[in-house]
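Now for the letters of each chain:
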Amino acid sequence: MVHPDENKELFNAELEIEELAMQLADMLGVALYYAGVPKDKIREAVDAYLTGMDEIFKEENIEYGFEEVVEVIEHIKKSRKELFK
């Protein structure tokens, strides 16, 4: 991370990226919750989701949109049934 005295614009951009990443992780948790993951298993389900992304999409430069998120959630619903109600 850039020190704020070195480059204020870059430092602020890095802070904003971190905040957006945290919000995105929260939104993934919400999606998994509404897909049937109990609150106490959300962290484990997020890890399973990240693993599922690697299992399904081996390409590094793929754009993840709505369809891809649904596909990964459906994949972990089948492969990690114990995470869901």
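Residues numbered from 1 in each chain as written. Predicted model: local features only at pLDDT ≥ 70, side-chain atom pairs only at ≥ 80, totals over all residues. Heavy atoms only, no water.

Draft legend 1. Structural view of the layout of surface pockets. Space inside the largest pocket adds up to approximately 210 Å³. Leu24, Ala25, Met27, Leu28, Ala31, Val46, Tyr49, Leu50, Met53, Tyr64 and Val69 together form the lining of the largest pocket. With five residues, helix H1 (residues 8-35) is the largest single contributor of residues to the lining of the largest pocket. Partitioning the lining of the largest pocket into residue classes produces eleven nonpolar, no polar and no charged. (1 Å grid on protein atoms, 1.4 Å probe; cavity = no way out; pocket = protein on both sides within 12 Å on 5 of 7 lines; lining within 4 Å. Points joined across faces, edges and corners; volume = space filled by probe spheres on them. Helix = DSSP H or I, 4+ residues; strand = E, 2+ residues; numbered from the N terminus. Nonpolar A, V, L, I, M, F, W, Y, C, P; charged D, E, K, R; others polar.)

Draft legend 2. Layout of helix H2 (residues 42-56). For H2, which comprises 15 residues, the first-to-last C-alpha distance of 20 Å matches the rise-based estimate of 21 Å (1.5 Å per residue) to within 8%. Every buried residue of H2 is listed here: Ile42, Ala45, Val46, Ala48, Tyr49, Gly52 and Met53. The buried residues of H2 occupy an angular sector of 160° when the element is viewed end-on, so they sit on one face. Exposed residues lying more than 90 degrees from the buried face of H2 are Arg43 and Asp54. Looking at the packing, one finds that the buried side of H2 touches H1 and helix H3 (66-79). (Expected span 1.5 Å × (residues − 1). Buried < 20%, exposed > 50% of the residue type's maximum accessible area, 1.4 Å probe, protein only. Arc of directions from axis to C-beta. Contact = heavy atoms within 4.5 Å.)

Draft legend 3. View of the nonpolar core. Leu32, Val37, Tyr49, Ile76 and Phe84 are the most contacted members of the largest nonpolar core, which has 16 residues in total. Element by element, the count of residues in this core is highest for H2, at six residues. For Phe84, the contacting residues outside a window of four places in its chain are Ala35, Gly36, Val37, Pro38, Ile73, Ile76 and Lys77. (Core = buried A, V, L, I, M, F, W, Y, C linked by side-chain atoms within 4.5 Å.)

Interpretation in functional terms is not warranted from these geometric data alone.
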